[in-house]
Amino acid sequence: MSGQIAAWHAEHLNFARLLRLFEEQVMRFAAAETPDYDLMRDIVFYLNNFPDVHHHRYEDEVFERVARLDASLRPLADRLVQEHRVIAACGARLLELVESVIGGAVVARAEVEAAAASYLVYYRAHLEAEEGRMLPRVAALLREADWQEVAEAVTRKSRGDPLFGPAAEERFRRLRHEIEREAAGAAASR
Ligand SMILES: [Fe+2]
Ligand SMILES: [Fe+2]
């Protein structure tokens, strides 16, 4: 197993571990118990912020490359890329719901349960398709030079630092303002 495939597989094992923790909370719905919403939030927040941004971007590059090398993989590659978008959208909605519950809003239990259970099933099916059907083909098809190109393409597309970088995100506007204010105050007191 190449280093890249081993690292990729290891990330999947981490995600699967998180999904098992998540499943324990989903099962509480079935048992009419109250799930640990803080834990659910932490898991979904992580999944929305690391895999959705980094892991999936990397995979999108790899899948595009293997589909070009072997056209029979095109339908599977396109499906998996589409699933990344669906996972991101469902994850964002689920996080919203869980945060509403934590914030004390009246949210229908059945709505949170359905969103959580669907997310779990969908995410697992996605990981299984990648592990069972895609990784073995990628391992057989990509050479060292391909992996190098994937790494370069991912770096080019990376949004960079969302707070201090040139592509700084709008949601950090206030924080940037606070940093500038603090810096101006420090300069004036010199
Ligand atoms: Fe994926
Ligand atoms: Fe993956």
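Rules used throughout
Residues numbered from 1 in each chain as written. Chains lettered and ligands numbered in written order. Predicted model: local features only at pLDDT ≥ 70, side-chain atom pairs only at ≥ 80, totals over all residues. Heavy atoms only, no water. Donors = N, O, S within 2.8 Å, 3.2 Å for Na, K, Ca; no water. Tetrahedral: all angles 85-135°; square planar, octahedral: opposite > 155°, others 65-115°. Helix = DSSP H or I, 4+ residues; strand = E, 2+ residues; numbered from the N terminus. Buried < 20%, exposed > 50% of the residue type's maximum accessible area, 1.4 Å probe, protein only. Expected span 1.5 Å × (residues − 1). Arc of directions from axis to C-beta. Contact = heavy atoms within 4.5 Å. Polar contact = N/O pair within 3.5 Å; in protein donor to acceptor, adjacent residues only side chain to side chain. pLDDT = per-residue confidence, 0-100. Salt bridge = Lys/Arg side-chain N within 4 Å of Asp/Glu carboxyl O. Axes fitted to C-alpha atoms, helices over the stretch in contact; angles between N-to-C directions. Parallel < 35°, antiparallel > 145°, perpendicular 65-115°, else oblique. Left-handed = near helix turned anticlockwise from the far one by under 90°. Nonpolar A, V, L, I, M, F, W, Y, C, P; charged D, E, K, R; others polar.

## What about the coordination of the iron ion (ligand 1)?
- Summarising the metal site, the iron ion (ligand 1) is bound by the protein donors Glu 59 (OE), His 84 (NE2), His 126 (NE2) and Glu 130 (OE), whose distances to it range over 1.9 to 2.1 Å.
- Its four donor atoms give the iron ion (ligand 1) angles of 83 to 172° at the centre, a pattern that matches the irregular case.
- Ordering the donors of the iron ion (ligand 1) by residue number gives the pattern E-x24-H-x41-H-x3-E.
- A separation of 3.1 Å is found between the iron ion (ligand 1) and the iron ion (ligand 2), which are bridged by Glu 59. Of this pair, His 84 sits in helix 4 (residues 74-102) while Glu 130 sits in helix 5 (residues 109-141), and the two are 46 residues apart along the sequence. Each member of the pair, His 84 as well as Glu 130, carries the same accessibility label: buried.

## Topic: helix 2 (residues 37-49)
- Between its terminal C-alpha atoms helix 2 stretches 18 Å, which fits the 18 Å expected from 13 residues at 1.5 Å a residue.
- Where helix 2 is concerned, the buried positions are Tyr 37, Met 40, Ile 43, Val 44, Leu 47 and Asn 48. Looking down the long axis of helix 2, one finds its buried residues gathered within 130° of arc, a one-sided arrangement.
- Contact partners of the buried residues in helix 2: helix 1 (3-30), helix 3 (51-69), helix 4 and helix 5.
- A side-chain oxygen of the first residue of helix 2 lies 3.2 Å from the backbone nitrogen of Asp 38; this N-cap is Asp 36.

## Considerations on the coordination of the iron ion (ligand 2)
- Summarising the metal site, the iron ion (ligand 2) is bound by the protein donors His 12 (NE2), His 55 (NE2), Glu 59 (OE) and Glu 130 (OE), whose distances to it range over 1.9 to 2.3 Å.
- The site at the iron ion (ligand 2) holds four donor atoms, and with the angles between them running 77 to 169°, its shape is irregular.
- On the primary sequence, the residues serving as donors to the iron ion (ligand 2) are separated as H-x42-H-x3-E-x70-E.
- The buried category is assigned to Glu 130, whose relative accessible area is 0%.

## Considerations on the confidence of the model for the protein
- Chain-level pLDDT for the protein is 87 on average; 88% of the residues reach the 70-or-more range.
- Mean pLDDT values over the elements of the protein span from 71, in helix 7 (residues 173-188), up to 96, in helix 5.

## Quick look at the pattern of salt bridges
- One pass over the structure, following the stated rule, counts 12 salt bridges.
- With its nearest N and O atoms 3.4 Å apart, the salt bridge here joins Arg 68 to Glu 64. Residue Arg 68 and its partner Glu 64 are both found in helix 3; the two are separated by four residues, about one turn of the helix.
- Among the residues examined, Glu 64 registers a relative accessible area of 30% and is labelled partly exposed.
- Note that Arg 79 and Glu 83 form a salt bridge whose closest N and O atoms lie 2.9 Å from each other. Of this pair, Arg 79 and Glu 83 both sit in helix 4, four residues apart, which is roughly one turn of the helix.
- Of the residues examined, Glu 83 reaches a relative accessible area of 9% and is grouped as buried.

## Notes on helix 6 (residues 144-157)
- Relative to the 20 Å expected for 14 residues at 1.5 Å per residue, helix 6 spans 20 Å between its end C-alpha atoms, a close match to the ideal helical length.
- Contact partners of the buried residues in helix 6: helix 1, helix 3 and helix 5.

## What to know about the packing of helix 1 against helix 3
- Axis separation between helix 1 and helix 3 bottoms out at 12 Å; the angle between their running directions is 140°. Regarding the angle of helix 1 to helix 3, the classification is oblique. The crossing of helix 1 and helix 3 is left-handed. Where helix 1 approaches helix 3, its residues Gln 4, Trp 8, Glu 11, His 12 and Phe 15 are matched on the opposing element by Pro 51, His 55, Tyr 58, Glu 59, Val 62 and Phe 63.
- Residue composition of the contact of helix 1 with helix 3, by class: six nonpolar, three polar and two charged.

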